[in-house]
Amino acid sequence: MMVQMEVSWLRVLLDNISSYLTLSSMDDFSSNPAHKYYIRGEEISKLLKPVLENLIDSDASPSELLNNGFEELAQYCDELREQFESWQPLSTRIFYVLRIESLASKLRESSLEVFQLLKHCEQHLPADLISPSFEECIELVKLVARDEISYTIDQALKDQKNGVGPTSEVLVKIAESTGLRSNQEILIEGVVLTNMKEDAELTDNDTEAEYLDGLISLTTRMHEYLSDIKQAQLRCPVRVPSDFRCSLSLELMTDPVIVASGQTYERVFIQKWIDMGLMVCPKTRQSLSHTTLTPNFIVRAFLASWCETNNVYPPDPLELIHSSQPFPLLLESVRASSSENSSPIKNGQADAEELPQVFSRSASAPGIVSEGVCKTKRSTNAASAADRSVSQARSNTPWKFPEERHWRHPGIIPATIRETGSSSSIETEVKKLIEDLKSSSLDTQREATARIRILSRNSTDNRIVIARCGAIPSLVSLLYSTDERIQADAVTCLLNLSINDNNKSLIAESGAIEPLIHVLKTGYLEEAKANSAATLFSLSVIEEYKTEIGEAGAIEPLVDLLGNGSLSGKKDAATALFNLSIHHENKTKVIEAGAVRYLVELMDPAFGMVEKAVVVLANLATVREGKIAIGEEGGIPVLVEVVELGSARGKENATAALLQLCTHSPKFCNNVIREGVIPPLVALTKSGTARGKEKAQNLLKYFKVHRQNNQRRG
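This one's a predicted model, so the numbers in the text were calculated from it and none came from an experiment. (Residues numbered from 1 in each chain as written. Predicted model: local features only at pLDDT ≥ 70, side-chain atom pairs only at ≥ 80, totals over all residues. Heavy atoms only, no water.)

Undergrad: I'm lost on the nonpolar core in this one. Help?
TA: Nonpolar side chains tend to gather and get buried jointly when the protein is soluble and globular. In terms of nonpolar packing, the biggest core is built from 200 residues, with Phe84, Phe115, Ile153, Leu215 and Trp273 touching the most fellow members. It is helix α4 (residues 93-120) that contributes the most residues to this core, 14 residues altogether. If we ignore the near neighbours within four places in the chain, the residues touching phenylalanine 115 are Leu47, Leu48, Val51, Phe134, Cys137, Ile138 and Val141. (Core = buried A, V, L, I, M, F, W, Y, C linked by side-chain atoms within 4.5 Å. Buried < 20%, exposed > 50% of the residue type's maximum accessible area, 1.4 Å probe, protein only. Helix = DSSP H or I, 4+ residues; strand = E, 2+ residues; numbered from the N terminus. Contact = heavy atoms within 4.5 Å.)

In structure tokens:
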């Protein structure tokens, strides 16, 4: 049952990766605002796919930790695909990109964890899985870009709140990274964010409303900045009054019309806006009660007079609306403006004296000045300093963007989005659960440990939050619980948390090693014992803990679990003993505890543990006591059988163990030869792994020396 579950998760992960890679064939997928994150996921997926295909085809049985990693990775891959497929042009681009970025980051970190786990379990896996090496894969994943626009946005909001920015370069970076490539898209984003803010206010979520208000202000700054650039490009001999320019086209109007909100726009542009289903005023973001467009004869008359007086000819709006780029791209506008000698935009920064003060807004959002992007020299310098701080280490903010959120919009059908808890809501829940762990009620403790087990199972972020909130000491204390369910869930929580490398040290430093050994010795449930062994293995990945775990008395109960535990427990015990036996001082302890006899028994293919058992024996065979124990416990025949019939990795490790035995004792060498090892060794020199070939060649050479020595004695 366990093996079937593991294989199914492998297949689910492989299927999810295959589905993800088909996204690139979708129509217009390259125009997706988060397309660059797809490329990053594609790079990682192409590294994972051949490894997973080989693993499915092998007879290897992944550990519970590795299987959990596959499950987590499969979910992130599937969620990322769903997010890409759910994109709708009239939804929020900023939040969409932030959701994608968050999932892409989780996919990257989860894939790193999987490759690191594979590296730690390398000895148990078929040789053909290790090309390229897992170390190479880890380095390649680390090279995948991880620049985070979420940090740039957070920093921009802080600067904005402090009245020192953001700079024009930061605005352009945010717009470019979130797919806000035109004035129209910027205005749509402001409308969507405004409706999200209204929803937050309706639910009295003041923190979220404040965050959304900051984003709205950012989009307003983008619009104003783009408008100022357009004003500079008009090259009019006098400043163009803002009332004569359309907020949608940024051009002089020729057919101004009034909408239900009282604002005036160029007819063809506002008609296109309404035809898109946007029943809201682009400027005030108020809902439009009707779609009637009333000619603004007063503005038209003043506009005609002004144009005649200043010898200005407005462009044909029909030509603009039907052109390939009806709304100028923000980034291209910046470049075009900065390339012109007469332009007031210098090095991406507007000159405060030369830029016309076009906008005078009736209601500024917090942190926005009425002069648009114009700043004093002092504020510009402060903004530049703030901009440079973007490259510094990311700081914690009290609230992050909600990962997924429903939003309402008049006249627009919102994308279907699954609602999940934000990191702040998880943290609040975890803090409450930690208090429940300390309760005197067993029922309360039972519910709390069960919930933390669920939260920590498949989420990297949750593991970090749970540890950061201080749950580990309470979970460690519950390892001594007299309630079997509480004890089992507590140890499983620690196992899940230990997947995160930083948490390993936190768990060990919380004094968990001795309580884990207590569960290993006296645990009420086999599940608790097996997961305790798996947790000790996870901690032993860190070198200093190999010694500490061995000295604390873990080896004897691990050997007992190896011999008398459930199949899952045997596997976890073997894995832990292998890792501990890498440390030289632990090898003798493992041998003296009687592990060799159990390992030889587990070489029976019926247990499905040949790979795990043979790699531990190869480790133990490097010391004198291990060689003797393997020979005396009947290990030679089963090792020879693995050389003949085992996997490539099994053959390699079995040959390494036999080489150790033969060089130690002529008696053992004769026994190995009598078992018929020479033909499979010859075959191994031609088709084995590099290390397997080397060991086989060395053993055959030793046989030749051994035979010559026997002839001399004869």
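Undergrad: Honestly, the pattern of salt bridges in this entry has me stumped. Any pointers?
TA: Opposite charge on two side chains permits pairing when their charged atoms draw close. Scanning the entire structure with this criterion turns up 30 salt bridges. In this structure, glutamate 185 engages arginine 93 in a salt bridge whose closest nitrogen and oxygen atoms are separated by 3.2 Å. On the criterion of sequence distance, the pair formed by glutamate 185 in helix α8 (residues 183-202) and arginine 93 in helix α4 is long-range, its members being 92 residues apart. Here glutamate 185 falls in the buried class, since its relative accessible area comes to 17%. On the basis of relative accessibility, which here comes to 9%, the residue arginine 93 falls in the buried class. If you follow the salt bridges from partner to partner, you end up with Arg453, Arg485, Asp489 and Glu527 in one network. (Salt bridge = Lys/Arg side-chain N within 4 Å of Asp/Glu carboxyl O.)

Undergrad: So what exactly am I meant to see when it comes to the packing of helix α16 (residues 442-457) against helix α17 (residues 460-468) here?
TA: Geometry of a packed helix pair, given as the angle between the helix axes and the separation of the axes. Packing of α16 against α17 leaves a shortest axis separation of 7 Å and a crossing angle of 135°. By the angle between their directions, the pair α16 and α17 is classed as oblique. On α17, the residues that touch Ile452, Leu455, Ser456 and Arg457 of α16 are Asn462, Arg463 and Ile466. (Axes fitted to C-alpha atoms, helices over the stretch in contact; angles between N-to-C directions. Parallel < 35°, antiparallel > 145°, perpendicular 65-115°, else oblique.)

Undergrad: What is the right way to read the confidence of the model for the chain from this model?
TA: Any residue range with low pLDDT should be treated as having predicted coordinates unsuitable for detailed reading. Scored by pLDDT, the chain comes out at a mean of 80, with 81% of its residues at no less than 70. Least confident of the elements in the chain is strand β4 (residues 345-346), whose mean pLDDT is 30; most confident is helix α18 (residues 471-477), at 96. A low-confidence stretch, residues 1-7 (pLDDT under 50), is modelled with 8 contacts involving residues beyond four sequence positions or located in other chains. Between residues 324-421, whose pLDDT stays under 50, and residues either more than four places distant or in other chains, the model counts 208 contacts. (pLDDT = per-residue confidence, 0-100.)

Undergrad: Help me out: how do you make sense of the packing of helix α22 (residues 526-540) against helix α23 (residues 543-551) in this one?
TA: As a packed pair, α22 and α23 sit with axes 7 Å apart at the nearest point and diverge in direction by 140°. Taken together, the axes of α22 and α23 are oblique relative to one another. Side by side, α22 and α23 meet where Leu536, Leu539 and Ser540 of the first sit next to Tyr545, Lys546 and Ile549 of the second. For the contact of α22 with α23, the class distribution of residues is 4 nonpolar, 1 polar and 1 charged. (Nonpolar A, V, L, I, M, F, W, Y, C, P; charged D, E, K, R; others polar.)

Undergrad: Just to check I follow, could you spell out the sheet that holds strand β1 (residues 256-258) for this structure?
TA: In a beta sheet, neighbouring strands pair by backbone hydrogen bonds and run either parallel or antiparallel. Strand order in this open sheet of 3 strands is β2-β1-β3, and the pairing throughout is antiparallel. Edge strands, defined here as strands with exactly one partner in the open sheet, are β2 (264-266) and β3 (294-295). Strand direction decides the pairing type here: β1 and β3, joined by 2 bridges, are antiparallel. Among the inter-strand pairings, isoleucine 258 is bridged to a residue of β3, identified as threonine 294. Across the sheet, helix α10 (residues 267-275) is in contact with β1, β2 and β3; its angle to β2 comes to roughly 95°. (Pairing = 2+ DSSP bridges.)

Undergrad: Please explain the side chain of threonine 535 as it appears in this structure.
TA: Tracing the chain through its elements places threonine 535 in helix α22. If near-sequence neighbours (up to four positions away) are discounted, threonine 535 is found in contact with Val491, Leu494, Leu495 and Leu516.

Undergrad: Would you mind showing me how to read the environment of methionine 222 here?
TA: With respect to the secondary-structure elements, methionine 222 resides in helix α9 (residues 206-233). With a relative accessible area of 0%, methionine 222 lands in the buried category. For the pair methionine 222 and alanine 175, spaced 47 residues apart in the sequence, the C-alpha separation amounts to 7.7 Å. Not counting residues within four places of it along the chain, the set of residues in contact with methionine 222 comprises Leu171, Ile174, Ala175, Leu180 and Ile186.

Undergrad: Sorry if this is basic, but what is going on with the packing of aromatic side chains here?
TA: Each aromatic ring pair is characterised by the separation of its centres together with the angle its planes make. All chains considered together, the criterion is met by 8 aromatic pairs. Measuring from ring centre to ring centre gives 6.3 Å for tyrosine 20 and phenylalanine 84, while their planes differ by 65°; the resulting arrangement is edge-to-face. Of the two residues, tyrosine 20 sits in helix α1 (residues 2-21) while phenylalanine 84 sits in helix α3 (residues 64-85), which places them 64 residues apart along the sequence. Here the two residues tyrosine 20 and phenylalanine 84 agree in accessibility, since each one is buried. Here the aromatic rings of phenylalanine 244 and tryptophan 306 are separated by 5.9 Å at their centres, their planes lie at 65°, and the arrangement is edge-to-face. (Phe/Tyr/Trp six-rings, centres within 6.5 Å; stacked < 30°, edge-to-face > 60°.)

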